[in-house]
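Working through the structure, step by step
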Amino acid sequence: MFKKYYLLTKPGIIRGNAITALAGFLLASKGNIDIWLLLATIAGISLIMASGCVFNNYIDRNIDKKMTRTKSRALVIRSVPTINALIYASLIGIAGFILLSIYTNLTTVIIGVIGFVDYIVLYGLAKRRSVHGTLVGSISGATPPVAGYTAVTGSLDVGAILLFLILVFWQMPHFYAIAIRRIDDYKKASIPVLPIKSGMKQTKIQIFLYILAFMCATTLLFITGYAGITYLIVMLGVGLYWLWIAIKGFEAKDNSLWAKSLFLFSLKVLLVFSVMLSIDVFVP
């Protein structure tokens, strides 16, 4: 039974966002790490994200049953009562906001609220009605590193804004790759993702442009003095390789196979980015 509730939180999403939150925290700390603040921040952010994911499972249960990838989720097959899921989501969400309220600052709490509301309400509505649902959803996915950063600084600055933009730009090709791979599922659920509404060519152009934007934003983090030369060299390298994979997509004969390679490398890009932010203070 515990596993069913655990899976409702979409642990893969939680882990990925916790890593970016940690990276934002360590970047802002500049080697002077408050371990208790770190633990409270990561725990608070993770609980809030987990709550949002459970609520999202509840909201999406009717479209999830139409898609192969999601038709076995607990709320679809009713192995977890919906009222239990709502209580569970509420409790862990409240716990997360209490942690951030006690141990961090108002800025971080507000960022948490923005990400939470965007994921549950705005993205929940937009994904069903607009091709721009992916962009709307990217807002919530970009808040964890910013919250980790502001937990240390207490305020928004250029560094926080760049972290937000970098994560928005990273998510777009990442999720477009998912949309290409799962296009039949999205058709069944009548979700207007870009490959369905605008076609593969336009989607590939958008992927290319967003990766370029990602590279520009990551470079600006160096130009503005928030990261060092080692970070820049590494990020330019992985960014160029990611861009090369995107370019290969224009000649791909198997779009699903190409999208899988783009998706898998995007995960490596995010991991490398997070690691480089985390160790930046210790390298040139």
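The model shown is predicted, which means the values in this text are computed figures rather than measured ones.

1. Notes on the pattern of salt bridges
Tallied over the entire structure, the rule returns two salt bridges. Between aspartate 60 and lysine 127 there is a salt bridge, and its shortest N-O distance comes to 2.8 Å. With a gap of 67 residues between them, aspartate 60 in the loop between helix 3 (35–59) and helix 4 (61–64) and lysine 127 in helix 7 (residues 106–129) connect regions that are remote in the sequence. Lysine 127 carries the same exposure label as aspartate 60, and that label is buried. One salt bridge connects aspartate 60 with arginine 128, and the closest N-O pair in it is separated by 2.7 Å. Note that aspartate 60 is positioned in the loop between helix 3 and helix 4 and arginine 128 in helix 7, a separation of 68 residues in sequence. Residues joined by salt bridges that share partners form a network here, namely Asp60, Lys127 and Arg128.

2. Concerning helix 6 (residues 82–103)
For helix 6, built from 22 residues, the straight-helix expectation of 32 Å at 1.5 Å per residue is met to within 8% by its first-to-last C-alpha distance of 32 Å. Within helix 6, burial applies to Ala85, Ala89, Ile92, Gly93, Gly96, Phe97 and Leu100. All buried residues of helix 6 project into a common sector of 135° when viewed along the axis, lining one side. For helix 6, exposure combined with an orientation more than 90 degrees from the buried face picks out Ile83, Leu91 and Ile102. Buried-residue contacts for helix 6 involve helix 1 (2–8), helix 3, helix 5 (74–77) and helix 7.

3. Focus on the packing of helix 3 against helix 8 (residues 133–153)
With their axes 10 Å apart at the nearest point, helix 3 and helix 8 run at an angle of 150° to one another. Our classification of the angle between helix 3 and helix 8 gives roughly antiparallel. Considering the relative orientation of helix 3 and helix 8, their crossing is right-handed. Contact residues: Leu37, Thr41, Ile45 and Met49 in helix 3; Pro144, Ala147, Gly148 and Ala151 in helix 8. Considered class by class, the residues forming the contact of helix 3 with helix 8 number six nonpolar, two polar and no charged.

4. What about helix 12 (residues 200–223)?
For helix 12, spanning 24 residues, the distance from its first C-alpha to its last is 35 Å, which sits close to the expected 34 Å at 1.5 Å a residue. Those residues of helix 12 that fall on the buried side of the exposure criterion are Thr203, Lys204, Ile207, Tyr210, Ile211, Phe214, Met215, Ala217, Thr218 and Leu221. The elements touched by buried residues of helix 12 are helix 8, helix 9 (158–181), helix 11 (194–197), helix 13 (229–248) and helix 14 (255–279). In the segment just after helix 12, glycine 225 is the residue with positive phi, at about 90°.

5. Section: a nonpolar patch on the surface
A cluster of nonpolar side chains, namely Ile19, Leu271, Val275, Ile279, Val281 and Phe282, defines an oily patch on the protein surface of about 520 Å² accessible area. In terms of residues, the nonpolar patch owes the most to one element, helix 14, which gives three residues. Its place among the elements puts phenylalanine 282 in the segment after helix 14.

6. Some thoughts on the nonpolar core
Counting 86 residues, the largest nonpolar core has Phe214, Leu221, Tyr231, Leu262 and Phe273 as its most contacted members. Take this core: its biggest share by element is 14 residues, from helix 9. When sequence neighbours within four positions are dropped, the list of residues in contact with phenylalanine 214 reads Ile166, Phe169, Trp170, Met235, Trp242 and Val269.

7. Topic: the confidence of the model for the chain
Should pLDDT be low for a region, the predicted coordinates there are not to be read in detail. Mean pLDDT for the chain: 94, with 100% of residues reaching 70 or above. Looking over the chain, one finds the lowest element-wise mean pLDDT in helix 5, namely 82, and the highest in helix 13, namely 98.

About the cut-offs
- Residues numbered from 1 in each chain as written.
- Predicted model: local features only at pLDDT ≥ 70, side-chain atom pairs only at ≥ 80, totals over all residues.
- Heavy atoms only, no water.
- Salt bridge = Lys/Arg side-chain N within 4 Å of Asp/Glu carboxyl O.
- Helix = DSSP H or I, 4+ residues; strand = E, 2+ residues; numbered from the N terminus.
- Buried < 20%, exposed > 50% of the residue type's maximum accessible area, 1.4 Å probe, protein only.
- Expected span 1.5 Å × (residues − 1).
- Arc of directions from axis to C-beta.
- Contact = heavy atoms within 4.5 Å.
- Axes fitted to C-alpha atoms, helices over the stretch in contact; angles between N-to-C directions.
- Parallel < 35°, antiparallel > 145°, perpendicular 65-115°, else oblique.
- Left-handed = near helix turned anticlockwise from the far one by under 90°.
- Nonpolar A, V, L, I, M, F, W, Y, C, P; charged D, E, K, R; others polar.
- Patch = residues over 30% accessible without salt bridge, like charges linked within 9 Å, V, L, I, M, F, W, Y side chains within 5 Å.
- Areas by Shrake-Rupley, 256 points an atom, 1.4 Å probe, with all protein chains shown as cover.
- Core = buried A, V, L, I, M, F, W, Y, C linked by side-chain atoms within 4.5 Å.
- pLDDT = per-residue confidence, 0-100.

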